[in-house]
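Given next are the chains, with one letter for each unit.
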Amino acid sequence: MGRDITKCHPELQQKCAQLIEKCAKKGLNIAVGECYRTVEEQNELYAQGRTKAGNIVTNAKGSDYSSHHQWGTAFDFYRNDGKGAYNDSDGFFGKVGSVGKSLGLEWGGDWTSPVDKPHFQLPYWGSTTAELKRLYGTPEEFKKTWEAEEMEKIYNWTVEVPEWARPTVQKLLDKGYLKGNDKGELELTYSMLKLLVINDRAGLYDLNNC
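The model shown is predicted, which means the values in this text are computed figures rather than measured ones.

Parameters and conventions
- Residues numbered from 1 in each chain as written.
- Predicted model: local features only at pLDDT ≥ 70, side-chain atom pairs only at ≥ 80, totals over all residues.
- Heavy atoms only, no water.
- Helix = DSSP H or I, 4+ residues; strand = E, 2+ residues; numbered from the N terminus.
- Buried < 20%, exposed > 50% of the residue type's maximum accessible area, 1.4 Å probe, protein only.
- Contact = heavy atoms within 4.5 Å.
- Areas by Shrake-Rupley, 256 points an atom, 1.4 Å probe, with all protein chains shown as cover.
- Lys, Arg positive; Asp, Glu negative; His and termini not counted.
- Charge placed at Lys NZ, Arg CZ, Asp CG, Glu CD.
- Core = buried A, V, L, I, M, F, W, Y, C linked by side-chain atoms within 4.5 Å.
- Phe/Tyr/Trp six-rings, centres within 6.5 Å; stacked < 30°, edge-to-face > 60°.
- Arc of directions from axis to C-beta.
- 1 Å grid on protein atoms, 1.4 Å probe; cavity = no way out; pocket = protein on both sides within 12 Å on 5 of 7 lines; lining within 4 Å.
- Points joined across faces, edges and corners; volume = space filled by probe spheres on them.
- Nonpolar A, V, L, I, M, F, W, Y, C, P; charged D, E, K, R; others polar.

K.L.:
Please explain the overall build of the chain as it appears in this structure.
P.N.:
The helix and strand inventory of the chain stands at seven helices and six strands. Overall size of the chain, expressed as C-alpha extent along the three principal axes, is 65 × 40 × 25 Å. Going through the 210 residues of the chain one by one, you find that 41% of them count as buried. Restricting the contact set of the chain to residue pairs at least 6 apart, pairs at least 24 apart contribute 64%. Accessible surface computed for the chain: about 11300 Å², of which carbon and sulfur atoms make up 50%. Between the averaged position of the 27 positive side-chain charges in the chain and that of its 30 negative side-chain charges there is a distance of 4 Å.

If you want it as structure tokens, here you go:
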């Protein structure tokens, strides 16, 4: 199964990195598990507990594109502190779930059937993939929109800026390093936002001579 987060939606990659960083600061050491899955990989997982040995772990068939993992909008995690990858005797997964939700992720631990505590996904298209299938048909068509969204979308106001970049933009506005045009529009692209955040995390905007 795929564990390459770079095959997932760009925003999910950002939020995953933020999650790992924020959890580490709270003493919650996690690592990324399952990310993007192909149709074949999802079908293999679906067969577990049905036509193959093991317990049933998913109700989503790969051929139906029913898993968010197939759309690059979900990832799983596990605890990485040597106490057992899925040991939840101390409420570990609920603590990580709270951090993830504060970043705007949907947490599988809030679901009733199935309860999926090691799972996060982007919330924009609902808990199922029905809306994604209605809008794009297949994961391949959906992926074609990712680069277009990054390259073409312009963010003119702080409320439009993705959550992961908003603190940096607000900092630059407060310091006077970032100013809009004569209408007050910021005219920031997705690529510009990523560069600003990288510089901010490197401490470049906190130097005395800035």
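K.L.:
What's the story with the nonpolar core in this structure? I'm lost.
P.N.:
Soluble, globular proteins show a tendency: their nonpolar side chains are buried together. Judged by nonpolar contacts, the single largest core of 27 residues is most densely connected at Leu19, Cys23, Ile30, Phe75, Val96 and Phe120. If you list the elements that add at least two residues to this core, you get α1 (10-25), β1 (30-32), β2 (74-79), α3 (92-102) and α5 (139-152). Those residues in contact with valine 96, other than ones at most four positions away along the chain, are Leu19, Cys23, Leu28, Ile30, Phe77 and Phe120. Grouped together as the second largest cluster of nonpolar side chains are 14 residues, Tyr155, Leu186, Tyr190 and Val197 included.

K.L.:
Is there a simple way to think about the packing of aromatic side chains in this case?
P.N.:
Taken as a whole, this structure holds 11 aromatic pairs when the rule is applied. Ring plane angle 45° and centroid distance 5.9 Å describe the contact between phenylalanine 75 and phenylalanine 120, whose orientation is recorded as tilted. Of this pair, phenylalanine 75 sits in strand β2 while phenylalanine 120 is found in strand β4 (residues 119-121), placing the two residues 45 residues apart along the sequence. Exposure remark for phenylalanine 75: the relative accessible area of 1% places this residue in the buried category.

K.L.:
Help me out: how do you make sense of α3 in this one?
P.N.:
Residue pairs three or four apart in sequence face the same way in an α-helix, which turns once every 3.6 residues. Burial in α3 covers these residues: Phe92, Phe93, Val96, Gly97, Val99 and Gly100. Summarising the axial view, the buried residues of α3 lie within an arc of 165°, below the 170-degree limit, and thus occupy one face. Summarising the contacts, the buried residues of α3 are in contact with α1, β1, β2, β3 (106-107) and β4. A positive phi of about 95° marks glycine 104, the residue just after α3.

K.L.:
In this structure, what is going on with the layout of surface pockets? I would like to understand it.
P.N.:
The method is simple in principle: a probe with the dimensions of a water molecule rolls over the atoms, and the space it marks as empty is what remains. Counted as a void, the largest pocket has a volume near 660 Å³. Along the wall of the largest pocket there are 26 residues; nearest its centre are Arg37, Val57, Thr58, Asp116 and His119. Along the lines of polarity and charge, the residues of the lining of the largest pocket split into eight nonpolar, 13 polar and five charged. Reported here for the second largest pocket is a volume of approximately 310 Å³. In terms of lining, the second largest pocket is formed by 13 residues, of which the most central are Gln18, Lys22, Trp164, Pro167 and Arg201. Counting only elements with at least two residues in the lining of the second largest pocket, the list comes to α1, α6 (166-175) and α7 (190-201). Of the residues that constitute the lining of the second largest pocket, the class distribution is four nonpolar, three polar and six charged.

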